[in-house]
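# Structural characterization, general
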Amino acid sequence: MTKLKRRSLLKAAGLAVGAVATSGLSAFASNPENQDKKTKKLALSVAHITDVHIRDGDNAPERFKSCLKQIINKHKPDFFLNGGDSINDASYDNVKYDQVIQQWGIWDDCIKTLDKYEVHSCIGNHDPWWKAPSKEHEMYGKNYVVKRLKIPNRYYSFSKKNWHFIVLDGNNSNISLDQEQYEWLEKELEKLPASTPTLLMSHYPILGTTQVLVGGGHSDCKKLKDLFYKHRDKVKVCLSGHNHLSDQTSYNNVLYCCNGAMSGFWWGKGDAESTGPGYYLETPPGYAMLNLYEDGTVENEYFPHTF
């Protein structure tokens, strides 16, 4: 999402984002506050990084690597979820072949830091190169991103412990799931055994506050909300990025987490609306850690970084 578009939307709305606590911001799903945390069994600890926008300049690659090392050493996650916009940008009209190759080369170098970890990624709007010489070119569009991110498809699913994970591709008309993908999602949720705790990840927020403030949310949010309600015994949490803002909203007992941006203000110092160095509005650069419990409860905490 472009900075200028977001600023104009924000000013038009005449609103401001709520402050993010610099010590980490927590949110809970499925009413875990009513349960004794000591009696719950942790199934998985998962790191969620998003909107890395990796590029040359501003020492961004080394800063990103430092943050990944911090996540590994401090939190010891079981695996990583990457929410898209992995590279700075391949989607603008003036981006050339060499720039796309360079950005993905930097990404490959940085992600070697996670060579002992599984990284499950989704496609961000800035990842595909739409100005390739032709639609038949091997680097055109989403298929090349699937290859570079080493994911099985533009949307897919997998299971860990007793949890199921669904990764979506919202890079379609008006930020939505295309019909083929929506029908797949319906079947995916339907075939899961009752009460299978499920996490969904899209690059774009499905529900929450940030898209009210700055746009960029799923246009099919009502359709998805209805589907999630039908499977309310399964759907527990939806992760997103895109808006570079931290927001955690609970609706119908589903926790919707827009988990900021690793790059913050695109690795820059910020602008007049930044409330701190590298912030986008009131949100510092950072990442999230999720505790996923065997009983289907969730804890999501956003950790600002200072690299």
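See above for the structure.
An account of the accompanying structure is given in this report. (Residues numbered from 1 in each chain as written. Predicted model: local features only at pLDDT ≥ 70, side-chain atom pairs only at ≥ 80, totals over all residues. Heavy atoms only, no water.)

This next bit is on the overall build of the chain. Secondary structure assignment for the chain yields seven helices and twelve strands. Expressed as a percentage of the 307 residues in the chain, the buried residues total 59%. Looking at the chain alone, contacts between residues at least 24 apart form 72% of all its contacts between residues at least 6 apart. As displayed, the chain offers around 13,300 Å² of accessible surface, 49% of which is attributable to carbon and sulfur atoms. (Helix = DSSP H or I, 4+ residues; strand = E, 2+ residues; numbered from the N terminus. Buried < 20%, exposed > 50% of the residue type's maximum accessible area, 1.4 Å probe, protein only. Contact = heavy atoms within 4.5 Å. Areas by Shrake-Rupley, 256 points an atom, 1.4 Å probe, with all protein chains shown as cover.)

Two elements in contact, helix α5 (residues 179–191) and helix α7 (residues 221–230), have axes separated by 10 Å at closest approach and are oriented at 15°. As the angle between them shows, α5 and α7 are arranged roughly parallel. The hand of the α5/α7 crossing is right-handed. Across from Q179, Y182, L185, E186, L189 and E190 in α5, the residues of α7 making contact are K223, L224, L227, F228 and K230. Within the contact of α5 with α7, the residues separate by chemical class into six nonpolar, one polar and four charged. (Axes fitted to C-alpha atoms, helices over the stretch in contact; angles between N-to-C directions. Parallel < 35°, antiparallel > 145°, perpendicular 65-115°, else oblique. Left-handed = near helix turned anticlockwise from the far one by under 90°. Nonpolar A, V, L, I, M, F, W, Y, C, P; charged D, E, K, R; others polar.)

Before going further, it helps to spend a moment on the environment of D226. Within the element layout of this structure, D226 appears in helix α7. Only 2.7 Å separates the side chain of D226 from the side chain of K225, close enough to count as a polar contact. (Polar contact = N/O pair within 3.5 Å; in protein donor to acceptor, adjacent residues only side chain to side chain.)

In terms of nonpolar packing, the biggest core is built from 55 residues, with F64 and L199 touching the most fellow members. Beyond its immediate chain neighbours, meaning those up to four positions away, L199 contacts L81, W163, H164, F165, I166, V237, L239, L290 and L292. Core analysis: the second largest hydrophobic core is formed by 16 residues, L168, L177, L185 and L192 among them. (Core = buried A, V, L, I, M, F, W, Y, C linked by side-chain atoms within 4.5 Å.)

Once that is clear, we can look at helix α4 (residues 141–149). For α4, the tally of buried residues reaches seven of nine residues, placing the bulk of the element in the interior. Considering only its buried residues, α4 is in contact with β3 (79–82), α3 (97–111) and β4 (119–121). Positive phi appears at K150, one or two residues downstream of α4, with a value of about 60°.

Per the stated rule, a full pass over the model turns up 13 aromatic pairs. A centroid spacing of 5.3 Å and a plane angle of 75° characterise the contact between W130 and Y140, whose relative ring orientation is edge-to-face. Of this pair, W130 sits in the loop between β4 and α4 while Y140 is found in the loop between β4 and α4, placing the two residues ten residues apart along the sequence. Given a relative accessible area of 38%, W130 falls into the partly exposed group. Ring centres of F265 and W266 lie 5.2 Å apart, and the angle between their planes is 85°; on these two criteria the pair is classed as edge-to-face. The exposure classification of F265 matches that of W266, with both residues buried. Counting every residue linked through ring pairs, the aromatic cluster contains F79, Y156, F158 and F165. (Phe/Tyr/Trp six-rings, centres within 6.5 Å; stacked < 30°, edge-to-face > 60°.)

This part covers the environment of G208. Positionally, G208 belongs in the loop between β7 (198–201) and α6 (210–214). Along the backbone, G208 and C258 are 50 residues apart, and their C-alpha atoms lie at a distance of 7.7 Å. In this view, G208 contacts D247 and T249; residues no more than four positions away in its chain are not counted.

Structurally, T283 is set in the loop between β10 (254–259) and β11 (286–293). Residue classification places T283 among the buried positions, given a relative accessible area of 1%.

Geometry only, nothing functional implied.
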